[in-house]
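# A structural walkthrough
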Amino acid sequence: MTAMRVDAKVVMLGKESVGKTSLVERYVHHRFLVGPYQNTIGAAFVAKPINVGDKVITLGIWDTAGSERYEAMSRIYYRGARAAIVCYDLTDSSSFSRARFWVKELQTFEEHCKIYLCGTKNDLIEADRSARQVDYHDVQDFADEIGAQHFETSSKTGNNVDELFMKIAEDFSNSAFELMQDEKGVDLGQKKDSYLYTCCHH
Amino acid sequence: KPDEMAADVHNKGVTWDTMNGSLAPVDRLRSDRSDSPTPGLVEGTEPGAGQEHAQHMFVHAQSFEDLTADSESNPDSELTGSSNSALVDSEEGETKEEEQRGGADNEEEQKEPEEEKQEVQSGVRLKEEDVTSEAWRRHRKHVFVLSEAGKPIYTRYGTEEALSTTMGVMMALVSFVEAGKNIIRSIHADGCRVVFLHKSPLVLVGVSRSSQSDRELSRELQYVYYQIVSLLTLTQLNHVFQHKQNYDLRRLLAGSEHLTDSLLRLLDRDPGLLLNAVMSLPLASSARDVVSASLQAAKAKSLVFSILLAGNRLVTLVRKKDQYLHHMDLHLLFNLVGSSSSFREGEGWTPICLPKFNTAGFFHAHISYLEPKSDLCLILVSTDREDFFNLSDCKRRFLERLRKRSAYQALQEALRTPTYPVSQVGIPELWHFVYKSKSSGLYTSPELPVPYQREEEHERLIGLYRYLHSCLHHPTRPLRSVYRCGDTENLFAWATSGFELYLCFSPLGTKALAMSAVTKLLKWIRKEEDRLFILNPLTY
């Protein structure tokens, strides 16, 4: 065994019982546990390697508790995160206002964290259209406005779950590539400055 | 002779062991450990006591009373009247214990019409009980928690919303009596005991139909209080209510109700919470020593306690030098782990306050199972909330070492027999027992025999032990030993400065037989102590 290597920190945020743990459970263990709701205590961490092209990227997923009790503590879980999956329950409009709260929080404290809005429990909507309380287009508009991605998933059926995490891994992979290019690439402004600097130095 | 001490009454403070002329005082050195224990075993030499006296795992105290003592309010001493003043604002002079007998009829009258009104109120969740029903009233033990503004925080049965007026009445009773510079402790009426515990900013009320004493009930309410503090810290609790007196604390406690529910179940069933002791997993001492040493080696700077559990049994506990864990805190950790499936997946990282250690701040606990389907759960308690990956690495190192030294196999084996039948002792009339070694804070007990495996019978047996326990720990007239014959079982309990022993015999047995059984049992425990107890606890 070797020490854990994590490439990208991913944090799950959202009101309690929207299904953050179920989403992780579906993605990591490919299963959906039926039974009485059990809230998460504090936060749970799981590392999951994922193939992107010819590379393997390890996502370090932090599944946080939705309870208000841990709110003051939440910064330690999302600090330095490269991606945040902000979950809301498609059948519960109040959970979307909570999602807005987390978006604001992230925009204030973690500007480099990409936001993925995720409407959960899509299977309930499929079964009964009238159960929907959060409009798809409203969320899409909000997502465009804040530069976020938008998914609707079902952990019960697995619908869109792998796609969500794949997108996160791809985005991370691309941004890491961009970052590398930034470092090595030619920046005219930068060059000018350094040129000027050398001049003055002489 | 043992028969003579049955039902002997001794005053507190008398050293019982030296009263028995045949027993020489025993020194605490390892070399003096006796092979055939005699009643004179003092603390530190009894079967199950740790090898080196300096290395206890738990907060150490000479007596049960010390262990349960609470700086703010000590229910154990309330009956003596000596520390009553600690319960009111210090300047207030004389305080009196208030017991309202007969006055309870009035309370019943007050309650009923209000409960009827509840029917109009909506918001009763599905599957929740109707608090106006006879079935709700008949529950053996109710527990309510409310704020000083009378706002409901927790109820064991039914919904808090439906009980807001009832809790309002409870607060009114508390305030009314306190306004007269008194403290309401309990109301006895109609086969019910209503016990009050005011621990600002919370008020806890227990209503019991059992034969439990006020003291016992009050102690259980304290446990519930500490359960809440462990989630929030007392500092935060005070802060919240200073800021807003009528704050609805359920917002902050959301999702934790099942922790309190399960704690109350443990209090009904687990003798460890009664005895302030923990049961360890029976394990060959050589294997346990390897496990302890591996945990000891996997240390980190911020680490204070490393605890390995197998279900509700302790495998080992390694602690920072000079830092001791209190039983109550360990039971709260047991309860947290045992009642949450959330640690099954991945690695948990949660703030937790250990209230008997410090009510003001959070520790951060790394909680994970050694394998997804295993019963072995590792809890690493740290002072640093940023130290997750460091502790995760400690776990990895611990596992690596454990596997290398093939102790993992032995541990898995031991998990298959986490308990033993009482027949191993070889006393046919002995049905069940609980033995607590006072100096190690550990106890051992065989599996419940068939007649006691049903839930009600299990709780009845614990109720009997609780009764015996209350006789041994009576605040003013503690008994040294008790023998009681019943229709369904005979009971015997015995306390020395080294151990406490509770036995349950067939009702056909005699007292003489019980006495000889004790000697035989103590010999057996001494013989098995390597396996049943943790004799070599380690520190980092």
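Residues numbered from 1 in each chain as written. Chains lettered and ligands numbered in written order. Predicted model: local features only at pLDDT ≥ 70, side-chain atom pairs only at ≥ 80, totals over all residues. Heavy atoms only, no water.

## Thoughts on the overall build of chain B
- Secondary structure summary: chain B contains 17 helices and 18 strands in total.
- Residue burial in chain B is summarised as follows: out of 540 residues, 58% are buried.
- Across chain B, every contact between residues at least 6 apart in sequence was considered, and the portion connecting residues at least 24 apart equals 66%.
- Put simply, chain B shows about 21900 Å² of open surface, and 50% of that area lies on carbon and sulfur atoms. (Helix = DSSP H or I, 4+ residues; strand = E, 2+ residues; numbered from the N terminus. Buried < 20%, exposed > 50% of the residue type's maximum accessible area, 1.4 Å probe, protein only. Contact = heavy atoms within 4.5 Å. Areas by Shrake-Rupley, 256 points an atom, 1.4 Å probe, with all protein chains shown as cover.)

## Some words on the overall build of chain A
- Looking only at helices and strands, chain A features 7 helices and 6 strands.
- Ordering the α and β elements of chain A from the N terminus gives β-α-β-β-α-β-α-β-α-α-β-α-α.
- Taking all 202 residues of chain A together, the buried fraction comes to 47%.
- Restricting to contacts in chain A with at least 6 residues of sequence separation, those with at least 24 account for 73%.
- When the accessible area of chain A is evaluated, it comes to approximately 10900 Å², of which 51% is carbon and sulfur surface.

## Examining the interface of chain A and chain B
- Every contact between the two is made by 26 residues of chain A and, on the other side, 34 residues of chain B.
- Overall, the association of chain A and chain B removes approximately 2500 Å² of surface from exposure, summing both partners, and the carbon and sulfur fraction of that is 54%.
- Put simply, chain A and chain B have 2 salt bridges between them.
- Across the pair Arg 79 of chain A and Glu 386 of chain B runs a salt bridge whose closest N-O atoms are separated by 3.0 Å.
- Taken together, the connections running from chain A to chain B amount to 10 residue pairs in polar contact (both at pLDDT 80 or more).
- Counting residues per element, the ones that place at least two in the side of chain A that touches chain B are helix 1 (20-29), strand 2 (43-52) and helix 2 (74-78) of chain A.
- Of the residues contributing to the side of chain A that touches chain B, the split by class is 13 nonpolar, 7 polar and 6 charged. (Buried area = accessible area lost by both parts, 1.4 Å probe. Salt bridge = Lys/Arg side-chain N within 4 Å of Asp/Glu carboxyl O. Polar contact = N/O pair within 3.5 Å; in protein donor to acceptor, adjacent residues only side chain to side chain. Nonpolar A, V, L, I, M, F, W, Y, C, P; charged D, E, K, R; others polar.)

## Notes on the packing of aromatic side chains
- Going through the model one piece at a time under the given rule, you end up with 24 aromatic pairs over all chains.
- Taking the centre distance of 6.4 Å and the plane angle of 90° together, the rings of Trp 62 of chain A and Phe 389 of chain B count as edge-to-face. Taken as a pair, Trp 62 of chain A in strand 3 (residues 55-64) and Phe 389 of chain B in helix 14 (residues 388-404) lie in two separate chains rather than in one.
- Owing to a relative accessible area of 41%, Phe 389 of chain B belongs among the partly exposed residues under this scheme.
- Pairwise contacts between aromatic rings join Phe 45, Trp 62 and Tyr 77 of chain A together with Trp 349, Phe 388 and Phe 389 of chain B into one cluster.
- Geometry around Tyr 27 of chain A places Lys 48 of chain A over its ring, the cationic atom sitting 5.5 Å from the centre.
- Residue placement shows Arg 403 of chain B over the ring face of Tyr 408 of chain B; its charged tip is 4.8 Å from the ring centre. (Phe/Tyr/Trp six-rings, centres within 6.5 Å; stacked < 30°, edge-to-face > 60°. Lys NZ or Arg CZ within 6 Å of the ring centre and 35° of its normal.)

## Notes on the UniProt feature "domain: FUZ/MON1/HPS1 third Longin" (unreviewed entry) in chain B
- Under the UniProt annotation, "domain: FUZ/MON1/HPS1 third Longin" (unreviewed entry) lies at residues 429-529 of chain B.
- In residues 429-529 of chain B, helix accounts for 37% and strand for 29%; the two terminal C-alpha atoms are 22 Å from one another. (UniProt positions renumbered as here; feature names shortened; annotations may be inferred.)

## Some thoughts on unusual backbone geometry
- A cis amide bond links Ser 200 of chain B with the next residue in sequence, Pro 201 of chain B, at an omega value of 10°.
- Note that Pro 201 of chain B resides in the loop between strand 5 (192-199) and strand 6 (202-208).

## Side note on helix 15 (residues 407-416) of chain B
All names here are of chain B.
- Within the sequence span of helix 15, burial applies to Ala 407, Tyr 408, Leu 411, Ala 414 and Leu 415. On an axial view of helix 15, the arc spanned by its buried residues comes to 120°, and they lie on one face.
- In this structure, the buried side of helix 15 is in contact with helix 12 (285-297), strand 8 (303-310), strand 9 (313-319), strand 12 (376-382) and helix 14. (Arc of directions from axis to C-beta.)

## Brief notes about the confidence of the model for chain A
- Mean pLDDT over chain A: 86, with 85% of residues reaching 70 or higher.
- Per-residue pLDDT stays below 50 along residues 182-202 of chain A; that stretch engages in 0 contacts with residues further than four places along the chain or on separate chains. (pLDDT = per-residue confidence, 0-100.)

## A short note on the pairing of strand 12 of chain B
Residues and elements named next belong to chain B.
- Strand 12 sits mainly inside the fold: 7 of its 7 residues count as buried.
- Residues of strand 12 alternate between two faces, with Leu 376, Leu 378, Leu 380 and Ser 382 on one and Cys 377, Ile 379 and Val 381 on the opposite face, all of them buried.
- Bridge count for strand 8 against strand 12 is 7 bridges, and the pairing is antiparallel. Paired with Ser 306 across the two strands is Leu 380, which belongs to strand 12.
- Hairpin connection, strand 11 (residues 363-369) to strand 12: the antiparallel pair is bridged by 6 residues. (Pairing = 2+ DSSP bridges.)

## Here's the deal with the pattern of salt bridges
Residues and elements named next belong to chain B.
- Using the criterion set out here, one finds 32 salt bridges over all chains in the structure.
- Note that Arg 156 is salt-bridged to Asp 268, the shortest N-O span being 3.2 Å. Remark: Asp 268 occurs in helix 10 (residues 257-269) and Arg 156 occurs in the loop between strand 3 (152-155) and helix 6 (164-179); sequence separation between them is 112 residues. Comparing Arg 156 with Asp 268, the two get one shared label, buried.
- A salt bridge links Lys 527 to Glu 528; the nearest nitrogen and oxygen atoms lie 3.3 Å apart.
- By sharing partners, the salt bridges in this structure join Arg 140, Lys 141, Arg 156, Glu 220, Asp 268, Arg 269, Glu 455, Glu 459 and Arg 466 into a single network.

## With respect to the nonpolar core
- The biggest cluster of nonpolar side chains holds 89 residues, and the ones touching the most others in it are Leu 249, Ile 307, Leu 314 and Phe 433 of chain B.
- Top element by residues in this core is helix 7 (residues 214-232) of chain B. It accounts for 10 residues.
- In this structure Ile 307 of chain B touches Leu 314, Thr 316, Leu 317, Leu 325, Leu 330, Leu 333, Cys 377, Leu 378, Ile 379 and Val 381 of chain B, once residues within four positions along its chain are discounted.
- Phe 45 of chain A together with Val 291, Val 318 and Ala 407 of chain B belong to the second-largest nonpolar core, a separate cluster that totals 59 residues. (Core = buried A, V, L, I, M, F, W, Y, C linked by side-chain atoms within 4.5 Å.)

## Some thoughts on a negative patch on the surface
- A cluster of acidic residues, Asp 135, Asp 138, Asp 141, Asp 144 and Glu 145 of chain A, forms a negative patch at the surface.
- Here Glu 145 of chain A falls in the exposed class, since its relative accessible area comes to 65%. (Patch = residues over 30% accessible without salt bridge, like charges linked within 9 Å, V, L, I, M, F, W, Y side chains within 5 Å. Lys, Arg positive; Asp, Glu negative; His and termini not counted. Charge placed at Lys NZ, Arg CZ, Asp CG, Glu CD.)

## Points about the state of the cysteines
Residues and elements named next belong to chain A.
- Applying the stated criterion across every chain, the model contains 0 disulfides over all chains.
- Here Cys 113 is not disulfide-linked; the sulfur of Cys 87 is the nearest cysteine sulfur, at 13 Å.
- Relative accessible area serves as the criterion here: at 7%, Cys 113 is assigned to the buried category. (Disulfide = S-S within 2.5 Å.)

## Thoughts on the sheet that holds strand 16 (residues 490-495) of chain B
Residue and element names in this part refer to chain B.
- With mixed pairing, the 6 strands of this open sheet are ordered in space as 7-14-13-17-16-15. In this open sheet, the two strands that pair with only one neighbour each are strand 7 (278-279) and strand 15 (481-485).
- As judged from the 6 bridges shared by strand 16 and strand 17 (residues 499-505), these two strands associate in the antiparallel manner. The residue bridging Asn 490 from the neighbouring strand is Phe 505, located in strand 17.
- Packing against the sheet, helix 16 (residues 455-472) makes contact with strand 13 (430-437), strand 15, strand 16 and strand 17, and its axis sits at approximately 140° to strand 17. (Axes fitted to C-alpha atoms, helices over the stretch in contact; angles between N-to-C directions.)

## Description of the UniProt feature "domain: FUZ/MON1/HPS1 first Longin" (unreviewed entry) in chain B
- Within this numbering scheme, the UniProt entry marks residues 141-263 of chain B as carrying the feature "domain: FUZ/MON1/HPS1 first Longin" (unreviewed entry).
- The straight-line gap between the two end C-alpha atoms of residues 141-263 of chain B is 13 Å; of that span, 46% is helix and 27% is strand.

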